[in-house]
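# An overview of the molecular structure
This is what each chain is made of:
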Amino acid sequence: MPVLWVAPSVILTLVFGLFPFINTVVLSFTDARPLGGGGDWVGFENYTDLLTDENFWLATRNSVVYAIVAVPLLVLLPLMLAQLVYRHIWGIGFFRTAFYTPVIASVVAVALVWQNLFSDRGPVNSFLKTFGLTEPIPFLSEPALILLSAILLTVWKGLGWYMIFYLAALAQIPPELYEAAEIDGAGPVRRFFHVTVPNVRLTMLLIAIMSGIGSLRVFTEVYILGGATGGPGGEARTLPFYIRDTALDPISGNAGYGAAVSVALFVLTIGLAIASQKLGGEEEE
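Not measured: the values here are computed from a predicted model.

## So, the overall build of the protein chain
Per the secondary structure count, the protein chain includes 13 helices and 0 strands. Listed by position from the N terminus, the elements making up the protein chain come as α-α-α-α-α-α-α-α-α-α-α-α-α. Judged by the C-alpha coordinates and their principal axes, the protein chain covers about 70 × 70 × 35 Å. The 285 residues of the protein chain split such that 38% are buried. Intrachain contacts of the protein chain at a sequence separation of at least 6 include 67% that bridge at least 24 residues. Total accessible area on the protein chain stands at roughly 16,600 Å², and carbon and sulfur atoms take up 69% of it.

## What to know about the pattern of salt bridges
When their charged atoms lie close together, side chains carrying opposite charge are able to pair. In the structure shown here, the tally under the stated rule is 2 salt bridges. Here Asp245 and Arg237 are joined by a salt bridge, their closest N and O atoms 2.8 Å apart. Between Arg244 and Asp245 there is a salt bridge whose closest N-O contact spans 2.5 Å. One salt-bridge network, in which partners are shared between bridges, spans Arg237, Arg244 and Asp245.

## So, the nonpolar core
In terms of nonpolar packing, the biggest core is built from 59 residues, with Leu50, Tyr66, Val75, Tyr166, Val200, Val222 and Val261 touching the most fellow members. It is helix α7 (residues 143-170) that contributes the most residues to this core, 13 residues altogether.

## Comments concerning the packing of aromatic side chains
Evaluation of the coordinates by the stated rule reveals 16 aromatic pairs. The interplanar angle of 50° and the centroid separation of 5.5 Å between the aromatic rings of Phe29 and Tyr47 together place this pair among those described as tilted. You can see Phe29 sitting in the loop between α1 (2-27) and α2 (45-51) and its partner Tyr47 sitting in helix α2, a full 18 residues away along the chain. Here Phe127 and Phe131 contribute two aromatic rings whose centre-to-centre distance is 5.1 Å and whose plane-to-plane angle is 70°, an arrangement assigned as edge-to-face. Across the pair, Phe131 and Phe127 agree in class, each one exposed. Each residue in the set Phe29, Trp41, Phe44 and Tyr47 is aromatic and connected to the rest through ring pairs, giving one cluster.

## Comments concerning the side chain of Ser149
Note on placement: Ser149 falls in helix α7. Overall, the relative accessible area of 2% leaves Ser149 in the buried class. Ignoring sequence-local partners within four residues, the contact set of Ser149 consists of Trp114, Phe118, Phe139 and Leu225.

## Section: the side chain of Arg191
Mapped onto the elements of the fold, Arg191 is located in helix α9 (residues 188-199). Within the buried core, Arg191 has no salt-bridge partner, and the shortest N-O distance to an opposite charge, that of Glu182, equals 4.6 Å. At 2.8 Å, the side chain of Arg191 forms a polar contact with the backbone oxygen of Ala186. The contacts of Arg191, once residues within four sequence positions are left out, are Tyr178, Ala181, Glu182, Ala186 and Thr196.

## Details of the environment of Val113
Tracing the chain through its elements places Val113 in helix α5 (residues 107-117). For Val113, a relative accessible area of 48% gives the class partly exposed. When the C-alpha positions of Val113 and Leu225 are compared, they lie 9.9 Å apart, and in sequence the two are 112 residues distant.

## Describing helix α4 (residues 92-104)
Between its terminal C-alpha atoms α4 stretches 19 Å, which fits the 18 Å expected from 13 residues at 1.5 Å a residue. Ala98 marks where α4 bends most, by close to 25°; the proline Pro102 follows one to four residues later. Within α4 the residues assigned to the buried category are Ile92, Pro102 and Val103. The elements touched by buried residues of α4 are α3 (54-85) and α7.

How each quantity is defined
- In this convention, every chain numbers its residues from 1, walking through the sequence in written order.
- Reporting of local features is limited, given that this is a predicted model, to residues whose pLDDT is at least 70; pairs of side-chain atoms are given and counted only at 80 or more, and all residues count toward the totals for whole chains, interfaces and linings.
- Side-chain numbers here rest on the full set of heavy atoms in the structure, without hydrogens or water.
- Counting from the N terminus, the helices are the DSSP runs of H or I reaching at least four residues and the strands are the DSSP runs of E reaching at least two.
- For every residue, the accessible area (1.4 Å probe, protein chains only) is compared with the maximum for its type, and the residue is labelled buried under 20%, exposed over 50%, or partly exposed between those bounds.
- A contact between two residues is defined here by any heavy atoms of the two lying within 4.5 Å.
- Only the protein chains shown count as covering a residue, and every accessible area follows the Shrake-Rupley method with a 1.4 Å probe.
- Take a side-chain nitrogen of Lys or Arg and a carboxyl oxygen of Asp or Glu: if they are within 4 Å of each other, that pair is a salt bridge.
- Buried Ala, Val, Leu, Ile, Met, Phe, Trp, Tyr and Cys residues form a nonpolar core when they are joined through side-chain atoms within 4.5 Å.
- Ring pairs shown here join Phe, Tyr and Trp side chains whose ring centres sit within 6.5 Å, with only the six-membered ring taken for Trp; geometry is labelled stacked below 30 degrees between planes, edge-to-face above 60, and tilted in between.
- Asp and Glu count as negative and Lys and Arg as positive, but His and the ends of the chain are not part of the count.
- Throughout this description, a polar contact denotes any pair of N or O atoms lying within 3.5 Å of each other; where both atoms belong to protein, one of them has to be capable of donating a hydrogen while the other can accept it, and for residues adjacent in sequence the pair is counted only when both atoms sit in side chains.
- A helix's residues, less one, multiplied by 1.5 Å, set its expected span.
- To obtain the bend at a residue, axes are fitted to the seven residues ending there and to the seven starting there, and the angle between these axes is taken.

Below you can see the structure in the form of structure tokens.
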């Protein structure tokens, strides 16, 4: 029976996907503690508290800014990278592998390397001193620079992953289109914008949605570069970081409030996906 083939996947989805989601929504209407369990029903109190919570809005702003900066870079740069390594020439496999290597590297290990690179005495500041810089740039102590450093790390680590998507899309473009454009006198730039981009637009939309969702879920990069507090005063915290602080603190944590923040993050993620899809649909038209 066909049902038997899909049963394991359906069961796994229900147990590890749907049930935790429903449980989080229900939990958001309580004041449950991380270690106490249970909790009293408080209705929409957690959600009304969100509206006046400055820390929540700061974390939301950081997450949105993170996505706004990272997504365009993760959509455009991998496409350019794919264009460079798409040609079938001798030795190109080495470069494809080199560009993909950061993808399989541990994000923790990579973030620790970047922490050393951007420290006050790290290679980046040492290099800048050769151009007359007198004071080190506080990449790891200034909230805006912490976010910028984390964004650069996210983009660098994601380049190879999204490059693979573009390589698959480029392989589906008929060579005749490029030949016809070249006969018409189109140069490399015009061929890129009039042939390549229209044929990979759906892939660009997919990458925009995937990278947007990934950007809103960023935690490790900010945690390692900004420290356990998320920068001075927690000003570089993203929404996942804030969820950890509010929901999992064994002493002052409120699992119900953290669940409400999680639901808010879910709504923000769905909104971003819908906006990206509609924007992509309008461009198609």
